[in-house]
Amino acid sequence: MPSTRTRSKLSIAGVAVAMAAALSACSGGSGAPGSAGGDATEATPAIPAPTIKISPVKGSATVRPDKTVIVTADNGALDDVTVQTPGGEPVEGKFNSARTRWISKQPLKPASKYTVSATASGEGGPATLTSQFTTLKPKYELAVADVTPGIKGETVGIGMPIMVTFNQAVGDKAAVEKALKVDAEKPVKGAWRWINDRLVIYRPAKFWPAHQKVKFTAELSGVRGGRDMYGVEDHTTTIKIGAAWVSTVNIKTHTMVVKRDGKTLQHMKISAGNGTTREYTTTSGIHLTMERGNPVTMISPGRKPGDPGYYKEVVDHAVRISNSGEYIHSAPWSVGSQGRANVSHGCINAHPTQAKWYYDNFHRGDIVKIVGTNRPLEWNNGWGFWQMPFSQWKKGSALEGAGSDV
């Protein structure tokens, strides 16, 4: 039988074993997840890849051409965005400073399929997304029907306006006017003026600087011109401005002086309107040469054969300067009065030799300044646009008459 001292030692040993077992049971074992030993680490959640979103949504089939394409990225930044048609025509756009957003900067082409491709990167890795949509076909297609001047190879004068005619009546004139660009080699201030819903005219504040090219561009594609109306194509015309041909006609002294770039080329004796009626009074003001004819048949307006004041004359080498029947033309029948008296029905009569010279050398848009009568040329009589002060002219712009520098 063991002694009392021995039993005590066994009891103490048993308690120690029991405590060790208890501690072992609580800890769950060395190296186990969450053990007090700290050998294991907690699981870290995965960082998501960037999320790319594209508007218009994929598969849209009737997108308005003036809708903006927007591409965004969450959890990352956009590396690249391309928007283009099957033909490869790209759409320009701009990123924000963080490159988390891209926005298109130009209208889309109507009735066209677009593909949008975007890539992004972030801590969660790269991401890509491709989408397609189609723009609607407009009910009314807007386009440039005519630009004057627009004759290939033509050189025009320093007073020539740019006259743009559309194939549709424009409702949203401001949107269309924003799409019209005038870029001159020798920039000057100018402005558009709407004459009616189809015709808009550009002229500079002062005559064009001579000897340069002016480029007109209508970036109409996708521009909203009115309800259910969008531009379907762009248009470009290059205009060549020649020398500064300026003719000054003095009705009282019966003279016409022609200068090119400031140098006098001709000093002509002329005969103007006799002034017996307003109709037979030559208009004063800044005229532009418009067209020519050889010969031209001139008939008294509003009269028929047998009426008082009726006339029918066939004239040679005639250059039109207004829509009210005024020409500079050859008049052999009035040579005796040229330089002395005004005997015409309103035209500028000139000696046949000098009339032919002028006819052969003029350009559309050359300046003809007439002084000496009490009948002013109306600003909308032919190309009398220079009769209107520029401060008033630019008020006809749909963009608040602010004008522009070109």
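None of these values were measured; they are calculated from a predicted model. (Residues numbered from 1 in each chain as written. Predicted model: local features only at pLDDT ≥ 70, side-chain atom pairs only at ≥ 80, totals over all residues. Heavy atoms only, no water.)

> Is there a simple way to think about the environment of Ala 318 in this case?
Within the secondary structure, Ala 318 is located in strand S26 (residues 318–320). For Ala 318 and Gly 293, which are 25 residues apart along the polypeptide, the C-alpha to C-alpha distance reads 5.4 Å. The contacts of Ala 318, once residues within four sequence positions are left out, are Glu 291, Arg 292, Gly 293, Val 296, Met 298, Tyr 327, Ile 328, His 329 and Tyr 359. (Helix = DSSP H or I, 4+ residues; strand = E, 2+ residues; numbered from the N terminus. Contact = heavy atoms within 4.5 Å.)

> It is not clear to me how a negative patch on the surface should be interpreted in this structure. Could you clarify?
A grouping of Asp 183, Glu 219, Glu 233 and Asp 234 is seen on the molecular surface, where their side chains present a negatively charged patch. Position of Glu 233 relative to the elements: it lies in the loop between strand S17 (229–231) and strand S18 (235–241). When its relative accessible area of 44% is taken as the criterion, Glu 233 is described as partly exposed. (Patch = residues over 30% accessible without salt bridge, like charges linked within 9 Å, V, L, I, M, F, W, Y side chains within 5 Å. Areas by Shrake-Rupley, 256 points an atom, 1.4 Å probe, with all protein chains shown as cover. Salt bridge = Lys/Arg side-chain N within 4 Å of Asp/Glu carboxyl O. Lys, Arg positive; Asp, Glu negative; His and termini not counted. Charge placed at Lys NZ, Arg CZ, Asp CG, Glu CD. Buried < 20%, exposed > 50% of the residue type's maximum accessible area, 1.4 Å probe, protein only.)

> Please clarify how the nonpolar core should be interpreted in this entry.
Soluble globular proteins tend to bury their nonpolar side chains together. Within the largest apolar cluster, 43 residues are counted, with the highest numbers of intra-cluster contacts made by Ile 162, Phe 166, Trp 192, Trp 208 and Phe 216. For this core, the elements supplying multiple residues, two or more each, are strand S9 (144–148), strand S11 (162–166), strand S12 (180–184), strand S13 (189–194), strand S14 (199–204), strand S15 (212–218), S18 and helix H4 (390–393). With four residues, S11 is the single largest residue contributor to this core. Counting residues in hydrophobic clusters, the runner-up holds 20 residues, among them Ile 270, Ile 321, Ala 350 and Tyr 358. (Core = buried A, V, L, I, M, F, W, Y, C linked by side-chain atoms within 4.5 Å.)

> Quick question: what am I supposed to make of the sheet that holds strand S20 (residues 255–260) here?
Note: strands within a sheet are paired through backbone hydrogen bonds, in either parallel or antiparallel orientation. A sheet is described by the order of its strands in space; here nine strands give the open sequence S22-S29-S19-S20-S21-S28-S27-S26-S23, paired in mixed fashion. Across the chains shown, the open sheet's two edge strands, defined by having one partner strand only, are strand S22 (285–288) and strand S23 (291–293). With direction set aside, neighbouring strand axes in the sheet form an average angle of 25 degrees. Strand direction decides the pairing type here: S26 and strand S27 (residues 327–330), joined by two bridges, are antiparallel. When the sheet's bridge partners are listed, Val 319 is paired in S27 with Ile 328. (Pairing = 2+ DSSP bridges. Axes fitted to C-alpha atoms, helices over the stretch in contact; angles between N-to-C directions.)

> When you look at the environment of Pro 48 in this model, what are you seeing that I'm missing?
Inspection of the secondary structure assignment puts Pro 48 in the loop between helix H1 (4–27) and strand S1 (51–55). For the pair Pro 48 and Glu 123, spaced 75 residues apart in sequence, the C-alpha separation works out to 7.9 Å. Look past the residues within four positions of Pro 48 in its chain and what remains in contact with it is Asn 75 and Gly 124.

> Just checking my understanding: could you explain the side chain of Ser 221 for this structure?
Along the chain, Ser 221 falls in the loop between S15 and strand S16 (224–226). Residues within four places of Ser 221 in sequence aside, it is in contact with Pro 107, Leu 108, Lys 109, Pro 110, Gly 231, Val 232, Glu 233 and Asp 234.

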